Amino acid sequence: MVALYNGVGRMGYGACTVRLLVVEDDDDINRQLVSALSQAGYAVDATNRGEEGHFLGDTEPYDAVILDLGLPDLNGISILEQWRRDDRKMPVLILTARDRWSEKVAGMDAGADDYVTKPFHMEEVLARVRALLRRSTGHAKSEIECGVLALDTKLARLTVDGVPIKLTSHEYRLLSYLMHHSGRVVSRTELVEHLYEQDFDRDSNTIEVFVGRLRKKIPAEMIKTVRGLGYCLSPDADEA
Ligand code: CA
């Protein structure tokens, strides 16, 4: 059984949507993961069976997979090994039991990109997924697109509908972050943390100023303000 959860309206975000697969046989944990990840704006497929998980990872273009190692029908390690043998390169975060250190080693050897030990804090899983996505987008290609926007992350250059647009470094970092997370709501706190890693000024009001400036340089409606939550970049200016 594949449950398709979609907190933000997957069709609406088109090619920018980040798709995740959760393979976890514990129904409670499965549900919690799906709920937290969809709330974070990802399009999430979930299964509680290894066979199906393997099939989905083999046939669907996921941006990342969260894979429990202890599955009743098919071992997580062999699923992972099979994917890697078949050249499936999506980042995989494995879930391992607390005191099974050998499991972690085997998982990393099988091609896992990171692991989280059970019981985990949901925030940790979310942070690790974000990091995996960041790394894989960075490595996979230097240009990311969202609607009419194309950002060359190596040259730090933006074009809107093919026309080069000048950005200040803060505008660039803000837009780059929104583009890497397009289709999901990014909170002001998250943006502040990302933009001001080394700076003293961590005033979240300045984010509003930068967003205002960005809206003058790209189609303004692409950056939506989600009241009380933050901002969401979507490829189609006129979609809700
Ligand atoms: Ca399990």
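Every value quoted in this text rests on a predicted model; they were computed, and no experiment measured them. (Residues numbered from 1 in each chain as written. Predicted model: local features only at pLDDT ≥ 70, side-chain atom pairs only at ≥ 80, totals over all residues. Heavy atoms only, no water.)

### A look at the overall build of the chain
When helices and strands are counted, the chain shows 9 helices and 13 strands. Taking all contacts inside the chain whose residues are at least 6 apart in sequence as the whole, residues at least 24 apart take part in 57%. A total of about 12200 Å² of accessible surface is found on the chain, and carbon and sulfur atoms cover 50% of it. (Helix = DSSP H or I, 4+ residues; strand = E, 2+ residues; numbered from the N terminus. Contact = heavy atoms within 4.5 Å. Areas by Shrake-Rupley, 256 points an atom, 1.4 Å probe, with all protein chains shown as cover.)

### Section: the coordination of the calcium ion
Angles at a metal have ideal values that depend on geometry: 109.5 degrees with four tetrahedral donors, 90 or 180 degrees with six octahedral donors. For the calcium ion, the full set of protein donor atoms is Asp25 (OD), Asp68 (OD) and Gly70 (O), at a range of 2.2 to 2.4 Å. Classification of Asp68 as buried rests on a relative accessible area of 4%. (Donors = N, O, S within 2.8 Å, 3.2 Å for Na, K, Ca; no water. Buried < 20%, exposed > 50% of the residue type's maximum accessible area, 1.4 Å probe, protein only.)

### A closer look at empty space enclosed by the protein
Going through the model one piece at a time under the given rule, you end up with 1 cavity of 30 Å³ or more. Reported here for the largest cavity is a volume of approximately 30 Å³. Of the residues that make up the lining of the largest cavity, three or more belong to each of domain 1 (3–136) and domain 2 (143–239). (1 Å grid on protein atoms, 1.4 Å probe; cavity = no way out; pocket = protein on both sides within 12 Å on 5 of 7 lines; lining within 4 Å. Points joined across faces, edges and corners; volume = space filled by probe spheres on them. Domains from an automatic or database assignment.)

### Some details on the layout of surface pockets
Quantified by volume, the second largest pocket comes out at close to 270 Å³. What lines the second largest pocket is simply Gln39, Ala40, Tyr42, Glu123, Leu126, Arg130, Arg184, Val185, Ser187, Glu190 and Leu229. The biggest single contributor to the lining of the second largest pocket is helix α6 (residues 122–140), with 3 residues. Residue composition of the lining of the second largest pocket, by class: 5 nonpolar, 2 polar and 4 charged. Lining the lining of the second largest pocket are residues from two domains, each supplying at least three of them: domain 1 (3–136) and domain 2 (143–239). (Nonpolar A, V, L, I, M, F, W, Y, C, P; charged D, E, K, R; others polar.)

### Details of the sheet that holds strand β13 (residues 230–233)
Spatial strand order, β11-β13-β12: 3 strands in an open sheet with antiparallel pairing. The sheet terminates laterally at β11 (185–186) and β12 (223–226), the two strands that pair on one side only. Note that β11 and β13 share 2 bridges and pair antiparallel. Across the sheet, Val186 pairs through a bridge with Tyr231, a residue of β13. This element, helix α7 (residues 169–180), spans β11, β12 and β13 of the sheet and lies at about 70° to β13. The strands touched by helix α9 (residues 205–217) are β12 and β13; relative to β12, the strand with the most contacts, the crossing angle is about 145°. (Pairing = 2+ DSSP bridges. Axes fitted to C-alpha atoms, helices over the stretch in contact; angles between N-to-C directions.)

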